[in-house]
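Below, each chain spelled out in residue letters.
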Amino acid sequence: MKRQSPALALTALALVLTASLAARAAQAQQQITGAGATFPAPVYSAWGEAAKAAIGVELNYQAIGSGGGQNQILNRTVDFGASDAPMAPDKLESGKLLQFPTVMGAVVPIVNIPGVKPGELKLTGEILADIYLGKITKWNDPKLVEMNRDMKLPSTAIAPVYRADGSGTTFVFTSYLSAVAPDWRQAVGANTSVKWVVGNGSKGNDGVAATVHQVRGGVGYVEYAYAAKNGLTTTQLRDHDGMFVAPTPETFAAAAGNADWASAKDYAVSIVDQPGKDSWPIVSATFIELPKDPKDPARGAAVMKFFDWAYKDGAPMATKLEYIPLPTAVQDAVRGNWRSEIKGPDGAALYK
Amino acid sequence: MSQVASTASVPARRSAISGDAIFAAVAVAAGVFVLVLLGAIIISLFIGGLPSFRAFGLGFLTSTDWDPVQHIYGAAVPIYGTVVTSILALLMAVPLAFGVAFYLTELAPAWLRRPIGTAVELLAAVPSIIYGMWGFFVIAPFMATYIEPNVIDTLDGIPVLQDLFAGPPFGTGLFTAALILAVMVLPFIAATMRDVFMTVPPVYKESAYGVGCTTWEVMRSIVVPYTRTSVVGGIMLGLGRALGETMAVTFVIGNTNRITGNLFGSGNTIASLVALEFGESENGSLKLSSLLALGFILFVISFIVLAISRLLLRPRAVRA
């Protein structure tokens with residue numbers, strides 16, 4: 001017994017030390033949890049990593065899908081929900097939630113036609129809708145040939161590919177098709193998953209990209225970040241003003257800048273098919289839903305602290321990951337909402 | 001050892017009885033718990049799916065619509081896909097499994113039986129996501145480039161077959177999904193078959209050989225009739241596995257909510273549709289309810305299949 005005592009003392013000391021260290025770490029790091037959209041997950045995790053050191057907020061984000069994120073925040077099992085499609089106004093109302101955008105992203109069409117290089121093929125929303133409605137079935141369809149007179153298009157059959165899993169990407173893409181093609185709006189509509197008329201479904205951006213890559217004559221749509229990183233064969237699209245634009249960060253930013261944020265309720269502005277010079281037509285924002293009466297005021301405040309920091313210092317990270325930062329005016333408007341709408345139990349504003 | 005135990009238990013008889021009682025209660029509770037859990041899952045699936053059953057009635061089972069925009073949901077496409085892929089998988093796996101089991105019990109030299117037997121069992125240990133990736137990146141392109149175009153061209157002009165094997169050669173589809181499923185259920189069926197083939201009393205087989213039967217005749221007239229019901233039970237076990245497979249199928253089935261009528265066309269299965277759509281279904285929505293209803297339907301189908309397999313796999317002594 002006597003021989004063991006130094007070892008015991010050491011162990012005890014070590015235990016006390018680790019316990020106190022852990023306690024200090026917990027004090028320094030305010031934990032927040034969020035769940036939802038998969039589309040902004042890469043930038044949220046990059047922000048989360050950087051914010052730990054910068055402002056002492058540790059983000060635990062689970063990309064379970066927008067619908068799942070909305071469910072979780074309505075049940076208050078997380079500190080904030082994240083959603084690609086804006087939440088319905090009545091649900092925000094009844095769930096006592098404040099909605100605000102964080103970043104924007106673009107969706108781009110990708111194709112696999114022998115001999116066609118990235119950014120070469122010209123497409124319009126109407127033609128994309130006709131392809132996905134099964135009305136245009138060959139790559140040398142007169143409509144496509146007329147638009148691409150300088151190219152030689154093969155008679156390969158078109159193999160449309162779409163996201164099989166419910167996704168914000170599909171919501172943005174189908175919103176665009178609905179906005180520009182009345183046929184599409186009537187026959188299919190816009191949602192995170194829709195009743196596709198033709199084509200094959202694949203899971204995730206990577207699944208769509210791989211299927212398009214494997215099937216000759218394939219056409220699909222993916223988030224721009226994914227297409228840029230993997231060097232996929234993107235296309236040009238005709239913008240609202242009738243000009244063809246290439247998918248670049250500049251055309252995305254132009255679309256974001258031209259959007260009418262001020263008049264949209266809950267920031268649920270549709271940025272697809274924006275008028276204005278050089279606006280890439282398939283751009284959309286992704287949203288956060290935050291309780292107006294947070295269960296734990298400290299965590300609610302930390303969520304706002306986190307996104308405030310992300311607006312201020314997170315833009316370069318977002319740009320690097322091919323997202324589009326929010327215009328400054330919109331950021332300030334969101335800060336105003338935080339100040340006026342998120343209250344602690346004593347009725348005082350949590351955002352300072 | 002047993003002596004020590006018995007002498008120790010004599011003086012403590014009373015407490016041993018109460019210990020027995022506690023043990024029995026715990027064991028009963030564990031057994032009942034499983035039953036309660038199973039019942040609770042079925043009931044909660046049914047209650048969750050109730051709004052959908054109410055909204056669409058029996059038409060839910062026969063409707064081929066799956067339209068999240070208009071909120072119209074039907075289960076016919078995933079049920080069709082589930083049943084077709086599973087049955088097609090069995091059609092491919094059963095002959096192969098029979099061959100494996102036959103070889104292992106009758107033909108293989110003794111030193112080879114263990115390695116092959118283990119290899120077959122290892123197939124069952126491969127995670128299904130691996131099968132999915134293998135199917136998507138290796139099998140699907142292979143099917144799209146070599147198998148499907150050739151089969152479509154060869155069968156063109158032959159009635160029925162030309163309709164059965166038609167469609168754009170995507171590589172993914174019901175047929176590819178069934179192929180992957182066949183590989184996945186093979187070890188279950190083969191292992192069951194091997195085990196029941198071993199139960200045939202050697203004296204029967206030796207007698208048959210004695211009157212001059214060939215190996216094939218022994219197999220056909222002695223082994224298979226003797227083990228028939230157990231073999232069917234093993235096949236049902238494989239069917240149960242094929243019905244519920246999710247990840248691997250999702251990768252290669254093409255995920256379309258349409259019935260094309262041909263085997264190279266894409267489709268959907270219940271498990272795969274639920275997995276894909278679950279993340280984007282809001283609480284209280286008809287979509288979520290329809291997914292839960294689909295889960296309930298899959299549960300019922302699997303339950304029936306497993307119940308049949310249990311019935312057929314009952315020990316022979318009971319029947320005799």
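This structure is a prediction, so every number in the text was calculated from the model and none was measured. (Residues numbered from 1 in each chain as written. Chains lettered and ligands numbered in written order. Predicted model: local features only at pLDDT ≥ 70, side-chain atom pairs only at ≥ 80, totals over all residues. Heavy atoms only, no water.)

**Describing the overall build of chain B**
Scanning chain B from N- to C-terminus turns up 14 helices and two strands. Over its C-alpha trace chain B gives a radius of gyration of 25 Å, far above what one expects of a compact globule, namely 20 Å for 320 residues. Projecting the C-alpha coordinates of chain B onto the three principal axes gives extents of approximately 75 × 60 × 35 Å. Going through the 320 residues of chain B one by one, you find that 42% of them count as buried. (Helix = DSSP H or I, 4+ residues; strand = E, 2+ residues; numbered from the N terminus. Rg over C-alpha atoms; globule rule 2.2 N^0.38 Å. Buried < 20%, exposed > 50% of the residue type's maximum accessible area, 1.4 Å probe, protein only.)

**Points about the side chain of glutamine 331 of chain A**
All names here are of chain A. Relative to the helices and strands, glutamine 331 is located in helix α14 (residues 328-341). Among the residues examined, glutamine 331 registers a relative accessible area of 8% and is labelled buried. Leave out the neighbours within four places in its chain, and glutamine 331 touches Tyr311 and Leu326. (Contact = heavy atoms within 4.5 Å.)

**So, the interface of chain A and chain B**
Listed by partner, the interface residues are 38 residues for chain A and 25 residues for chain B. The contact between chain A and chain B buries some 2,400 Å² in all, and 46% of this surface belongs to carbon and sulfur atoms. The largest per-residue losses of area from chain A upon contact with chain B belong to Lys195, Asn200 and Gln214 of chain A, which jointly make up 23% of the total buried on that side. Remark: the boundary between chain A and chain B carries one salt bridge. In this structure, aspartate 65 of chain B engages lysine 195 of chain A in a salt bridge whose closest nitrogen and oxygen atoms are separated by 2.5 Å. Among the secondary structure elements, those contributing two or more residues to the side of chain A that touches chain B are α3 (66-74), β6 (159-163), β7 (200-202) and α9 (204-214) of chain A. (Buried area = accessible area lost by both parts, 1.4 Å probe. Salt bridge = Lys/Arg side-chain N within 4 Å of Asp/Glu carboxyl O.)

**Regarding the pattern of salt bridges**
For the coordinates displayed, the defined rule picks out 18 salt bridges over all chains. Look at the salt bridges and you will find they share partners, linking Asp308, Lys312, Asp332 and Arg335 of chain A into a network.

**Points about unusual backbone geometry**
Of note in the backbone geometry, aspartate 278 of chain A takes a positive phi value of approximately 55 degrees without being a glycine. Within the element layout of this structure, aspartate 278 of chain A appears in the loop between α11 (249-258) and β11 (283-291).

**Notes on helix α12 (residues 297-313) of chain A**
Because an α-helix packs 3.6 residues into every turn, residues spaced three or four apart end up facing the same way. In this model, α12 of chain A (17 residues) spans 24 Å end to end at C-alpha, consistent with the 24 Å of a helix rising 1.5 Å per residue. Listed in full, the buried residues belonging to α12 of chain A are Gly300, Ala302, Val303, Met304, Phe306, Phe307, Asp308, Trp309, Ala310 and Tyr311 of chain A. (Expected span 1.5 Å × (residues − 1).)

**A short note on the packing of helix α8 (residues 174-198) of chain B against helix α10 (residues 215-244) of chain B**
All names here are of chain B. Between α8 and α10, whose axes approach to 8 Å, the crossing angle comes to 145 degrees. Of the two possible hands of crossing, α8 and α10 adopt the one that is right-handed. Of the residues in α10, those in contact with Leu181, Met184, Val185, Phe188, Ile189, Thr192, Met193, Val196 and Phe197 of α8 are Met219, Val223, Thr227, Ser230, Val231, Gly234, Ile235, Leu237, Gly238, Arg241 and Ala242. Looking at side-chain class alone, the contact of α8 with α10 contains 14 nonpolar, five polar and one charged residues. (Axes fitted to C-alpha atoms, helices over the stretch in contact; angles between N-to-C directions. Left-handed = near helix turned anticlockwise from the far one by under 90°. Nonpolar A, V, L, I, M, F, W, Y, C, P; charged D, E, K, R; others polar.)

**Things to note about the environment of alanine 108 of chain B**
All names here are of chain B. By the secondary structure assignment, alanine 108 is in the loop between α4 (76-107) and α5 (110-125). The class of alanine 108 is buried, set by a relative accessible area of 2%. In this structure alanine 108 touches Tyr103 and Arg113, once residues within four positions along its chain are discounted.

**Notes on a nonpolar patch on the surface**
Side chains of Ile129, Ile130, Met133, Trp134, Phe137 and Val138 of chain B sit close together on the surface and give an oily, nonpolar patch of about 530 Å² of accessible area. Of note, valine 138 of chain B is situated in helix α6 (residues 128-155). (Patch = residues over 30% accessible without salt bridge, like charges linked within 9 Å, V, L, I, M, F, W, Y side chains within 5 Å. Areas by Shrake-Rupley, 256 points an atom, 1.4 Å probe, with all protein chains shown as cover.)

**Describing the sheet that holds strand β9 (residues 236-238) of chain A**
All names here are of chain A. Pairing is mixed in the open sheet, where three strands are placed in the order β5-β9-β10. Two strands bound the open sheet, and with one partner strand each, they are β5 (122-123) and β10 (244-245). Summarising the sheet, β5 and β9 pair through two bridges and their orientation is parallel. If you follow lysine 122 over to β9, its bridge partner there is glutamine 236. (Pairing = 2+ DSSP bridges.)

**Overview of the environment of alanine 29 of chain B**
With respect to the secondary-structure elements, alanine 29 of chain B resides in helix α2 (residues 13-56). Using a relative accessible area of 44% as the deciding quantity, one classes alanine 29 of chain B as partly exposed.

**As for the confidence of the model for chain A**
Mean pLDDT over chain A works out to 86, with 92% of the residues at or above the 70 mark. Note that residues 21-26 of chain A has pLDDT below 50 and, in this model, zero contacts with residues that lie over four places away or in other chains. (pLDDT = per-residue confidence, 0-100.)

**Focus on the nonpolar core**
By size, the foremost hydrophobic cluster in this structure holds 98 residues, and its most contacted members are Trp47, Phe100, Trp261 and Phe307 of chain A. In terms of residue count, the dominant contributor to this core is strand β4 (residues 97-111) of chain A (nine residues). The contacts of phenylalanine 100 of chain A, once residues within four sequence positions are left out, are Tyr267, Thr286, Phe287, Ile288, Leu290, Phe307, Tyr311, Val334 and Trp338 of chain A. Grouped together as the second largest cluster of nonpolar side chains are 65 residues, Tyr73, Ile189, Val252 and Leu294 of chain B included. (Core = buried A, V, L, I, M, F, W, Y, C linked by side-chain atoms within 4.5 Å.)

**Observations regarding the packing of aromatic side chains**
All names here are of chain A. A full pass over the atoms with the stated rule returns 38 aromatic pairs over all chains. Ring plane angle 10 degrees and centroid distance 4.4 Å describe the contact between tyrosine 162 and tryptophan 196, whose orientation is recorded as stacked. One end of the pair, tyrosine 162, is in strand β6; the other, tryptophan 196, is in the loop between α8 (182-187) and β7, with 34 residues separating them in the sequence. Given a relative accessible area of 2%, tyrosine 162 falls into the buried group. On the basis of relative accessibility, which here comes to 8%, the residue tryptophan 196 falls in the buried class. Feature note: the residues Tyr44, Trp47, Tyr61, Phe80, Phe100, Phe306, Phe307, Trp309, Tyr311, Trp338 and Tyr351 constitute an aromatic cluster, connected by ring pairs. A cation over an aromatic ring shows up here: lysine 122 above the ring of phenylalanine 244, its NZ or CZ 5.9 Å from the ring centre. (Phe/Tyr/Trp six-rings, centres within 6.5 Å; stacked < 30°, edge-to-face > 60°. Lys NZ or Arg CZ within 6 Å of the ring centre and 35° of its normal.)

**Comments concerning the pairing of β4 of chain A**
Residue and element names in this part refer to chain A. Of all the 15 residues making up β4, 15 are buried; the element is thus mostly covered by neighbouring parts of the structure. Pairing of β4 with strand β12 (residues 324-325) involves two bridges; the strand directions are antiparallel. In the sheet register, valine 103 faces β12, and the bridge partner there is proline 325. Where β4 lies against strand β8 (residues 218-223), five bridges are found, and the strand directions are antiparallel. Bridge pairing in β8 places valine 111 opposite valine 219.

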